[in-house]
Each structure stands twice: as structure tokens, then as C-alpha cells.
2 protein chains.
Amino acid sequence: MLACSLRAAARAAPLNRAPTLAKRLTASPRRTMAAAAAAAAPSVKQDYDALCKKLKEVSALSGINGLLGWDEMVQLPPNAVNARAAQKAALAGVLHEKQTEAEIGQLLQRLQAANLEAEGLNEFERATVREAARDYRKLTAVPKELAQREAELESQGYQAWARLVDPSRPVYDILLDDYEKGVTAARLDEIFGQVKAGLVPLLADLRARGKAPSDAWLKGDYDTKKQAELCHKIAVALGFSLDSGRLDVSVHPFTGGAHPTDVRMTTRFKQEDLTEGITGAIHETGHALYEQGRNLEYDGLPVNQALGMGVHESQSLLWERMGSSEMLLLLSYLLPLMRKHFPQLPKEQTPEDLYAALNIIKEPSMIRVESDEVTYPLHIILRYELEKALVEGSIEVKDLPRLWNEKMKEYLGCEPESDARGVLQDVHWSAGLFGYFPTYSLGAMYATQIFKAAEKELPGLADDIAAGKFERLKGWLNEKIHKVGSLPTSGDELMVAVTGAPLQPQVFLDYLKDKYPALYQL
Amino acid sequence: MLACSLRAAARAAPLNRAPTLAKRLTASPRRTMAAAAAAAAPSVKQDYDALCKKLKEVSALSGINGLLGWDEMVQLPPNAVNARAAQKAALAGVLHEKQTEAEIGQLLQRLQAANLEAEGLNEFERATVREAARDYRKLTAVPKELAQREAELESQGYQAWARLVDPSRPVYDILLDDYEKGVTAARLDEIFGQVKAGLVPLLADLRARGKAPSDAWLKGDYDTKKQAELCHKIAVALGFSLDSGRLDVSVHPFTGGAHPTDVRMTTRFKQEDLTEGITGAIHETGHALYEQGRNLEYDGLPVNQALGMGVHESQSLLWERMGSSEMLLLLSYLLPLMRKHFPQLPKEQTPEDLYAALNIIKEPSMIRVESDEVTYPLHIILRYELEKALVEGSIEVKDLPRLWNEKMKEYLGCEPESDARGVLQDVHWSAGLFGYFPTYSLGAMYATQIFKAAEKELPGLADDIAAGKFERLKGWLNEKIHKVGSLPTSGDELMVAVTGAPLQPQVFLDYLKDKYPALYQL
């Protein structure tokens, strides 16, 4: 269901290990044993091709999984829920079997023993072997039984699993790696420490002395069909291709699908709120552009997978937020479009008013998914600190409600009136998703740093945005981010390649410290 | 894509042959060899359960295949065509592997050697073993290589395949069996001979002396969105459950989907023709009611498969045609509905006029899919005679155009001006589908005989229909046809159970001889 789970597929044929008729006819029955042995030892190229064939088959089956997920969200008949669960379980079983086939292990073993560069494999091909080995090691470390227990006992199973993958590394690092390749708790401590130190006083200052903007003028009654039409136009203007995907409506907006040529993006609309649908559509379009921008040359191979949830999220937040001045220009392009579809919008408000209305800090900020750009990272840091301590064993589940409330008070200056609006507000932990939360804020930080690099490399970008022209920005992101997929081994490595430096939390903090005091008239 | 390819699925979990933790904990390590041997020999019940688990997994994967097909027809983004082909190929490979697993063969061997009735298996369970063995034998008779060549060289591959399945039976019988279980060429010769002898003179007489009804009053301009709304209402009125399926629009109408609880039915509409959409919707609803009426108690097992294409077609034609007098009553219910949606329909025409307009014999009748109830069976008989001769080797492909035209003249009184409107008009033969055509006309004949039985068993049926109440007829069909699935081994066996006699072509001929001379004022 998440964009990140969408893997590429290719023109893979069903596996057929038997020799073809043509091959059998040309093979001489009288060849010597030596010749037979020589013929039996496959070349690196043959091994690589055989591996790719298997990986592309897995990729195609994963694509089907993506379609099943989209279909379930958008249009599944209510009585079909159980049948769909059975179908997904059957496909999951097949995927597991295919991904853990012994032959893949043998191919990988031989390929990893060879000098791939000397054998003429390019960097994408070498990364394909590397990533395939990484996936295979993760999957085969888990006995099938345990994988099934894991599904039953999500939280415990997940930790037990992680210990088996690599007993030499901290469990939480292994959990993190599943959502954001290459990131460690040590690196997150560094990043989040810096962010917390910058944000807590900024938030306190804004609340103490700032004057919150108003969004009262935006309240109204907006036909959801018209909203859908408008957002359809915006998504296409930003670069979403209707030849390679569909736009639909679902209760929970998401971007999924079966293939880069078959990206299914959904949005939702509220009758009383015009901006939620629009910002949601821009956000999901960012995810969808990542998916549609995949490198079809390495279609269906692991090198072509998204680098991680954080990088994926950076692509949605980049379009949703841009830089402050560019966002204003984007809104100067969008506001007339909004007025065209909804003539009831008051005439006197400017793009600056819209920008201010979209950036109001929540007071209090209790619920993560309803929060804002400034308080959001603090919600994440709170969860990061708690889940890491939980996995490391330094706190227990029963301590969570108390610790949650203490940290809320300290970081966000408010305490939930009940656990329902506190520690129980997210589904992640109960679903066994530990190590997932940090990627949301990593995404926001990547986005700011990437956008700054785009500003430098694309002269005239501001004029483009004001004119509603997004091809160059999209093309640049395609080249720099989408097409490189998992060629880098971590977000930091990608940042170095794209922006010249690893992730720098200070860039994100500077952006907030520049933007919010101005909006709050400090 | 065809309704018949839709198989049931169940709450199947991914296969796990390893003992569960609980089982391992209770097994004593000190048991004797004899006890171990006894424990190792599975009971008939255990074998049956193990078989069902495997069959339900296959069924769930087949369901996914149905969804992929529907999605491709209804909403696939254009660029995704290749990716979808790869996904379907990968799934087809997996299905073939799962269906031909050696363990299924071993389970079937043990089960077939046992006295299943004495072991307490009921008739549905015994039929499950029988049908599973039938499928397994068919599939494993085909080496994988040949299955792949078959896909490449459809027509030749298909015949070669058939010879391998059972060298002792005529090739054409084995082809037929794939579309309509248990029917043979000898039986078809008998049935079609009788039909041809009755229809050719009836058609000649109607043409020579009859007065064709008019449908000129129906020509007009009908908004297709309104047509879709009307047909949606009709489908629901007949009993289509929107909780267990969807109604959509596609270029070629079909009924498919992923499961009896997830039936995807599509229709198409022409701006200038109101009745084509309505009759198409009624037809497809008949197929969909069969699918939604499957026996969920044997969900995912072969006993629950549709008996054949002919029986499936009987369910669509039964609703589309009923008996003459009941069809008039159905139209007396539908005409006011049509007028409500399309006030431009002239006021003076009666249900009788509509009935006459829907039953005009084509003049000339050159194209099968555009033909009518009287000439349609002759189109089928022509194809049956030619394809049987082709498969038996008594004629050659190069003779087909000449023989086609000769038979057209003899049976239908007209000759095509080109092969495009003659021997090349259908896609079936070029796609390797031999033995498929006869099922269309078997369906029409089954329908008439089944409806006559319903008339007898459901007093007041005519009143129900006139009042737009279809629950009793649908419920009766559910019980008599849909829920028994493949419990009988042939259409004749089903007809005996439902109507008291095997298929009687005379019932169909009597229906036509009663209906058309009246409509044509003879």
C-alpha cells in the first residue's frame, strides 16, 4: 500500500529451466567429459542473466501484490474481504518461496566470489548483485516457521527476526534498515539531537511571542467532485502521467500500484476543507513521480528499488513544501486555479495569505498526523526515543504511557487527556512497525536539502514555478533521485551525490528559522 | 476473462508443511518405531485435508488471475500493457508449478486407492477428489516445455497436447472436454443433427412466408450514462449483489473477477441502440448470478467449479430469453422502466411490440455474433462440423474457406462476400480454441429445458416475473445449478437431476417452432 512497497517488474517469462528444443538439437551427445564439465560451468554473465530472470519474476509477482492492495483500498466489494485475504496470503507464500529459492543463493555465491567489475558488469549491474544478496540474506535468515509466527505475533516476532538477520548489529539498526537502507541509531541520535536542540526553543519562542495567521477565510462548502477535478489537473500539471497510472478516490490517500507504468494514486476530499485535498494531492503526486520516474533499463531488479521510505517521503514533501519563496510562487499559480473552480473564495486574499493559512502551528499539537511542519519532528523524535529504548530493553511496554506523557510535556508543551490521544494514537507499534517513524522526518530534511541543490542547479526555477511549468524540476529529480534507485547504499550517500554533503539537519533548521518567525511576525 | 475461468478461493493460508510448535511440543521423543510408523501413515481424512489445502491455494492464485484480467479490460493504464503481460506470465508459471506439484499426485494416488465412501467422505468430497484427479492428470500429461510451445504455436500445440492427455480417446472429444465436461462428438452429432434437421426448414419457411416485425420505433439517441444507470438497476433487480461484486463499463462486455464474493461484471452501451445494452446486461447478469451463487461450503475446491461453458451460457440465456410468455411479462415490467429513463420512447408501443423487435431474424445472417436465436445454432453447427473434420484430419486448413462458403449457402442461405466476413470472422481458431463453439448452442438448449422445469416447480412464477420479483427463480437456480457445480460429470447428468431427462433438442426446437411462426404471422 505504501509507495515504497511498489517494485518494478519486467517482461519476465515463466521460469523454464529445461533446455529449449533448439539447444537440445545442437548439443552433441558425443562430447567428452571435459567439454561437458567446461560447458557446465556457467560464466559470470550467464549467472548474472539467470539471476536477473529470477529477480524479475519476483518483481512481477510483487507488482501483482501492489495491484491487489490498491484494488482493496479503492473498489473491493465488501463481501470479498476474506477471499482477498486468502489471495494475498497465497501470493505472499509464493513470493516467499520464490525469493528464498536455493538456486538464487547459489548464483549469488558464485557472483559474489567473482570480480564483477573485471567481468565487465557496470555499476548498476554490480549494485543489482549487491542488493539481491542483501535481500536474500535477510529473507533466508528467517526460517519459514518463524516468518509465520512473526505474522501472528507481530511485535515479538519482529524483534526475534531482527536478531537472526545479523546478531552482530544492534537490533534497532536492523529494524531501521528495513525502512531506510544504511541508517543507524548512532546517526539518528546525532541528527535528531541537533533537531531537538534547535526546534524546542524555536517552538517555545513562536508560541510565546508570535501571532498566528488566520485560515478562517478558507472555511466553506466545497463540492468534492469539483475538488477532485481540480486536483486531477494539478497532479497532471506537476507531471503525473495518466498513460502510466490512474488517479482515484479512497478513504485513506496512498500511492501504490503494480509497476512504474501502472502507478495507482488516490486522494480524498473533505466537503468543508479545500486545502487538505489539494496538499494531499500534491504530496501523493510527489510519491507517484518517484514511481513513474523509475529507471526502466533496470526494471524489475533490486538496484531499481526505492532507496528507502525517507527518500520516498522526501519526494512528496519536496513538492508539498519547496523552499519558502518558491512555495509562494507555486501558490500564486494555484490560487487563481482554485478561484476558477470555487468562485465563492473571497477575492481579497493573496497568495501570501494562503501560504500563511497553510502554515499554522497546531496549538496544542497532540496528534502526529494532524500536526504541522514545526511540531511534527518532535512527535517523531519522541517516538524514536521510546521505540529504540523498547527494542534495546531499557524500558518496558508498561512504562510507555507515562514516558509518552512526560516527553510530550517536555518537547511539545502539552499532555494528552487520554492514552487514546496519546500513546495509542498510531497503529505502527501494534502492527510491529518499529524503525518506521524516523523515516518521516528524515524525508522532510532530505527534501529541504535536495530542493536547495535544485535551486542552485536550475537557474530560472522560480520563474518556471510561477508560470506553472514543472518539467525541469521533475526531470532533474528523475535523473538525480528516481533513476538512481538503490545504487547508493544509504540516504547520506545519495545526499552526497545530489547535494555535495551528507544530510545536514542545520539546513532544515535554517529553513524553519527563516520561515516561521516571518509568518508569526517576530 | 470468461466467466467460466473464475474459480473459487478460500481462507487458504500459505502452505506450511513443517509441524507447528504445539505439535512438536506434544510429540514424545521416546515413542517406539512402530508408533512412529503408524503416525507417519496419514489417514484418508488427513490426506483429504492436505489435498484441499493445496487446491485452495491454487484456487486463490487463480482468483488473482481473474482480477488481473478484469483490471486489464476495464482500467489498465496504456503504458502498463507490457508490465501486465509480465505479471500474468509470472503468475501463470507459478500456477502451473503449484498445480503439478508431485505431492498432489501422491495424495491423489492414495485417496483414489481408498474407499472414500467407507471412510466417511460425502458426495461433494468424493467429487472433489475425482475432479482434482481429472485436472491433475490433464496438467501433468503435458511436459512444461510442450505447454510453453503450445502457447507459442496455439493451434498445433493444442492438438499435440490433446493427444498426450488420453491417446485412447478421439482428439476432438478431449478438446471438447476442456470446455464442457463429459460431452463427446458422438453425442453432439446426435444433438446437432436433430437441430439442423428442424431448423433449416423452419428458417426457410419463416423467410418465404413470414412477415418480419419492425424495430424502427426503437431507433434513437440514448444517453449512455443513463443507459448504464438503467442497466445497473436491472442487474440489481435480477439479483446481482453489489456487496459481492462490481458493475463497470468495458469495450467488450464480460463477467470475471477473483471469487464468488468478488464478481466483476461489465457491459457496454451504444448511443443509438437502447436494447443491446439492456439485453447484454441481462445476459451478463445471468453469468454473474452463477458466479455469486457458488457453493461457499466447498469454496476453492474443484467440485465447486462451473460444470462447463455450456452450462454457464445456459444461465445467461435463461434470463435473456426465458419462455415466450414469461419473456413478454418480463418486458411488460421493463418497458415502463425504460420509458422512465428515456421519455422520448414512443407511447403507443406495447411489450408485445418490444418482444417482436427483439426477435427479428437477420436477413442475411452472415456474422455469428450479430445473428439471432434461430440462425445462431446453424452458425455453430457449421463451425462444429468444420473444426471436428479439421482435428480428425479429414479436411485441411486450405479447404476451409471453400467449405465454409458451401455450408453457409446450404444452412443459412447466403454466401459471404469475403473471407473477412466468412471463415475469418471469429478469433477462436486462430487462438487455438477448438471445441469451444458447440458450448454456445448447448447453452441455449439447456436454458430452454431448465426454464421449463422451473415453470413446473415454481407455481406463480409468471406473476413474480410480471411484478419484477426474481428471488424465487434465482434461488431455485442457485440450488439446482449453481451450488452443485461439478458434482455431476456432464451436462446430461445435470439435466437429468434438474429436469428429469438428459438434454432434449426437441424441447428447444418446439420452443422456436412455437415462438417464431407467431411472431412472423404465419
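Every chain's residues receive numbers from 1 upward, in the order its sequence appears when written. The naming scheme follows written order: chains are lettered A onward, ligands numbered 1 onward. pLDDT decides what is reported in this predicted model: residues at 70 or higher carry local features, side-chain atom pairs at 80 or more are listed and counted, and totals for whole chains, interfaces and linings draw on all residues regardless. Only hydrogens and water are removed before side-chain values are computed, so all heavy atoms of the structure are retained for them.

Mind showing me how you'd approach the pairing of strand E3 (residues 262-267) of chain A here?
Residue and element names in this part refer to chain A. Only protein chains enter the accessibility calculation, which uses a 1.4 Å probe; a residue whose area is less than 20% of its type maximum is buried, one above 50% is exposed, and one in between is partly exposed. Here a strand is any run of E in DSSP of at least two residues, a helix any run of H or I of at least four, and the numbering for each starts at the N terminus. E3 sits mainly inside the fold: six of its six residues count as buried. Alternating residues of E3 divide into Asp262, Arg264 and Thr266 and Val263, Met265 and Thr267, and every residue in both groups is buried. In terms of strand pairing, strand E1 (residues 245-249) meets E3 through five bridges, oriented parallel. Along E3, the bridge assignment pairs Leu247 with Met265. At least two bridges found by DSSP between two strands are what make those strands a pair.

What should I look at first to understand the packing of helix H16 (residues 376-392) of chain A against helix H18 (residues 437-457) of chain A in this one?
Residue and element names in this part refer to chain A. Axes here mean lines fitted to C-alpha atoms, for a helix over just the part in contact, with angles spanning 0 to 180 degrees between N-to-C directions. For the pair H16 and H18, the least separation of the axes is 8 Å and the interaxial angle reads 145°. In the crossing of H16 with H18, the sense of the turn from one axis to the other is left-handed. Facing H16, whose interface residues are Tyr376, Pro377, Ile380, Arg383, Tyr384 and Glu387, H18 presents Phe437, Pro438, Tyr440 and Ser441. As a working rule, the residues Ala, Val, Leu, Ile, Met, Phe, Trp, Tyr, Cys and Pro are called nonpolar, Asp, Glu, Lys and Arg charged, and the rest polar, with Gly in that last group. Across the contact of H16 with H18, the residue classes tally to seven nonpolar, one polar and two charged. Here is the rule for handedness: rotate from the far helix to the near one, and if that takes an anticlockwise turn smaller than a right angle the crossing is left-handed, while a clockwise turn gives right-handed. Between two residues, a contact is recorded if the distance between any of their heavy atoms is within 4.5 Å.

What should I look at first to understand the packing of helix H10 (residues 185-209) of chain B against helix H18 (residues 437-457) of chain B in this one?
For any two helices packed against each other, the geometry comes down to the angle between their axes and how far apart the axes lie. Residues and elements named next belong to chain B. As a packed pair, H10 and H18 sit with axes 12 Å apart at the nearest point and diverge in direction by 65°. Regarding the angle of H10 to H18, the classification is roughly perpendicular. For the crossing formed where H10 meets H18, the hand is left-handed. Across the interface between the two elements, Leu188, Ile191, Phe192 and Val195 from H10 touch Pro438, Ser441, Leu442 and Met445 from H18. For the contact of H10 with H18, a count of residues per class yields seven nonpolar, one polar and no charged. Should an angle fall under 35 degrees it is called roughly parallel, over 145 degrees roughly antiparallel, and 65 to 115 degrees roughly perpendicular, with every other angle called oblique.

Got a minute to help me understand the packing of aromatic side chains in this structure?
How two aromatic rings sit relative to each other is set out by the distance from centre to centre and by the angle between their planes. Aromatic pairs are defined between Phe, Tyr and Trp rings, using the six-membered ring for Trp, whenever the two ring centres lie within 6.5 Å; interplanar angles under 30 degrees are classed as stacked, those over 60 as edge-to-face, and all others as tilted. For the structure on display, the rule yields 26 aromatic pairs over all chains. Ring geometry for Tyr172 of chain A versus Tyr384 of chain A: centroids 5.8 Å apart, planes at 55°, classification tilted. Taken together, the residues Tyr172 of chain A in helix H9 (residues 171-179) and Tyr384 of chain A in helix H16 connect sequence positions 212 residues apart. Taken as a pair, Tyr172 of chain A and Tyr384 of chain A share a single burial class, namely buried. Seen from their ring centres, Tyr179 of chain B and Tyr436 of chain B are 5.1 Å apart, and the 50° between their planes marks the pair as tilted. Placement of the pair is Tyr179 of chain B in helix H9 (residues 171-179) and Tyr436 of chain B in the loop between helix H17 (400-412) and H18, with a sequence separation of 257 residues. Judged by its relative accessible area of 9%, Tyr179 of chain B is buried. A residue is classified by how much of its surface remains accessible, and Tyr436 of chain B, at 4% relative accessible area, is buried. Taken together through their ring pairs, the aromatic side chains of Tyr179, Tyr376, Trp404, Trp429, Phe434, Tyr436, Phe437 and Tyr440 of chain A make up a single cluster. Think of it as a cone above the ring: NZ of Lys or CZ of Arg counts as a charge over the ring if it is within 6 Å of the ring centre and within 35 degrees of the ring normal. Its end group placed over the ring of Trp70 of chain B, Arg264 of chain B keeps NZ or CZ at 4.4 Å from the ring centre. Taking the ring centre of Phe437 of chain B as reference, the NZ or CZ of Arg383 of chain B above it sits at 5.5 Å.

What should I look at first to understand the sheet that holds strand E2 (residues 255-259) of chain A in this one?
By way of backbone hydrogen bonds, the strands of a sheet pair with one another, either parallel or antiparallel. Residue and element names in this part refer to chain A. With respect to topology, three strands assemble into an open sheet ordered E1-E3-E2, the strand pairing being mixed. Whereas interior strands pair on both sides, the edge strands pair on one side only; in this sheet they are E1 and E2. Strand-to-strand twist of the sheet, defined as the mean angle between neighbouring strand axes without regard to direction, takes the value 20°. Along the sheet face, helix H12 (residues 274-292) touches E1, E2 and E3 and points at about 170° away from the line of E3.

What is the right way to read the UniProt feature "active site" (unreviewed entry) in chain A from this model?
All names here are of chain A. According to UniProt, the positions carrying the feature "active site" (unreviewed entry) are Glu284. Structurally, Glu284 is set in helix H12. For Glu284, a relative accessible area of 9% translates into the label buried. The contact partners of Glu284, leaving out residues within four places of it in the chain, are Pro253, Phe254, Thr255, Met265 and Thr266. Among the polar contacts listed, one links the side chain of Glu284 to the side chain of Thr255, at a separation of 2.6 Å. UniProt positions are given in the numbering used here, feature names are shortened, and annotations may be inferred rather than shown by experiment. Polar contacts, as used here, are pairs of N or O atoms within 3.5 Å; protein pairs need one atom able to donate a hydrogen and one able to accept it. Residues neighboring in sequence count only if both atoms are side-chain atoms.

Where do I start with the side chain of His312 of chain A in this structure?
All names here are of chain A. As for its placement among the helices and strands, His312 is situated in helix H13 (residues 309-321). In this structure His312 comes out as buried when scored by relative accessible area, which is 1%. Of note is the side chain of His312, whose polar atom sits 2.9 Å from the side chain of His287.

In this structure, what is going on with helix H11 (residues 224-238) of chain A? I would like to understand it.
For an α-helix the count is 3.6 residues per turn, leaving residues at separations of three or four pointing the same way. Residues and elements named next belong to chain A. Taking 1.5 Å as the rise per residue, H11 with 15 residues should run 21 Å; its terminal C-alpha atoms sit 21 Å apart, in good agreement. Turning to H11, its buried residues number three or more, namely Gln227, Leu230, Cys231, Ile234, Ala235 and Leu238. Across the axial projection of H11, the buried residues extend over an arc of 140°, all falling on one side. Packed against the buried residues of H11 are E1, E3, H12, H13, helix H14 (324-341) and helix H20 (471-482). A distance of 3.3 Å separates the backbone nitrogen of Lys225 from a side-chain oxygen at the start of H11, and that oxygen is part of Asp223. Helix span is expected to be 1.5 Å times the residue number reduced by one. Directions are taken from the helix axis to each C-beta atom, and the arc is the one they span.

Before we go on, may I ask you to explain empty space enclosed by the protein in this structure?
If a probe the size of a water molecule is rolled over the atoms, the empty space left behind becomes visible. All names here are of chain A. Cavities and pockets were defined on a 1 Å grid built over protein atoms only: a cavity is a set of grid points that admits a 1.4 Å probe from which the probe cannot escape, a pocket is an open set flanked by protein on both sides within 12 Å along at least five of seven lines, and lining residues are those with an atom within 4 Å of any such point. Grid points are joined across faces, edges and corners, and a volume is the space filled by probe spheres set on the points. Scanning the model with the defined rule gives five cavities of 30 Å³ or more in all. Surrounding the largest cavity, Thr275, Ile278, Thr279, Ile282, Glu320, Met327, Leu331, Leu334, Met338, Leu354 and Leu358 form its lining. Elements represented by at least two residues in the lining of the largest cavity include exactly H12, H14 and helix H15 (351-358).

How should the domain arrangement of chain A be read in this particular structure?
Where interface size is given, it is often the accessible area lost as the parts come together that is meant. All names here are of chain A. A domain assignment, automatic or from a database, supplies the domain bounds used here. You can read the domains of chain A as domain 1 (3-17 + 32-140) and domain 2 (219-361 + 445-483). With centres defined by C-alpha atoms, the gap from domain 1 to domain 2 works out at 32 Å. The buried area of a pairing is the accessible area, by a 1.4 Å probe, that goes missing from both parts when the two are put together, added over both. When domain 1 packs against domain 2, close to 2,400 Å² is buried across both sides, 67% of that on carbon and sulfur atoms. Salt bridges are defined as contacts in which a side-chain nitrogen from Lys or Arg sits within 4 Å of a carboxyl oxygen from Asp or Glu. Counting the contacts that link domain 1 with domain 2 gives zero salt bridges. Where domain 1 meets domain 2, there are three residue pairs in polar contact (both at pLDDT 80 or more). Put simply, the parts of the chain that give the side of domain 1 that touches domain 2 at least two residues each are helix H3 (44-74) and helix H6 (123-140). It is H3 that contributes the most residues to the side of domain 1 that touches domain 2, twelve residues altogether.

What is the right way to read the confidence of the model for chain A from this model?
The predicted coordinates of low-pLDDT regions are not to be read in fine detail. All names here are of chain A. Each residue carries a pLDDT score, the predictor's own confidence in it, on a scale running from 0 to 100. Averaged over all residues, the pLDDT of chain A is 87; the fraction at 70 or higher stands at 87%. Every residue in residues 1-38 is under pLDDT 50, and counting partners more than four places away or in other chains gives 70 contacts. Residue range residues 154-159 is modelled with pLDDT below 50. Its contacts to residues more than four positions away, or to other chains, number 15 contacts. This complex was scored by the predictor with a pTM of 0.78 and an ipTM of 0.71.

Looking at this structure, I do not really get the environment of Pro78 of chain A. What am I missing?
Among the secondary structure elements, Pro78 of chain A is positioned in the loop between H3 and helix H4 (81-99). Relative accessible area serves as the criterion here: at 46%, Pro78 of chain A is assigned to the partly exposed category. Considered as a pair, Pro78 of chain A and Ala497 of chain A are 419 residues apart in the sequence and their alpha carbons are 47 Å apart. Among residues more than four places away in sequence, those in contact with Pro78 of chain A are Leu242 and Asp243 of chain B.

Can you walk me through the sheet that holds strand E3 (residues 262-267) of chain B in this structure?
Strand order in the open sheet formed by three strands is E1-E3-E2 (chain B), with mixed pairing between adjacent strands. Looking at the sheet topology across the chains shown, the edges are occupied by strand E1 (245-249) and strand E2 (255-259) of chain B. Direction aside, the axes of adjacent strands within the sheet are offset by 20° on average. Sitting on the sheet, H4 of chain A is in contact with E2 and E3 of chain B, with an inclination near 70° to E2 of chain B.

How should I be thinking about a negative patch on the surface in this particular structure?
Residue and element names in this part refer to chain A. Each patch groups residues whose relative accessible area exceeds 30% and which form no salt bridge, using 9 Å between like charges and 5 Å between nonpolar side chains of Val, Leu, Ile, Met, Phe, Trp and Tyr. To measure how exposed things are, a 1.4 Å probe is used in the Shrake-Rupley method; for residues, cover is taken only from the protein chains shown. Under the convention used here, Asp and Glu are negative, Lys and Arg are positive, and both His and the chain ends fall outside the count. Each charge is placed at NZ for Lys, CZ for Arg, CG for Asp and CD for Glu. Where like charges cluster on the molecular surface, the negative patch consists of Asp221, Asp223, Glu229 and Glu272. Note that Glu272 resides in the loop between E3 and H12. Using a relative accessible area of 47% as the deciding quantity, one classes Glu272 as partly exposed.

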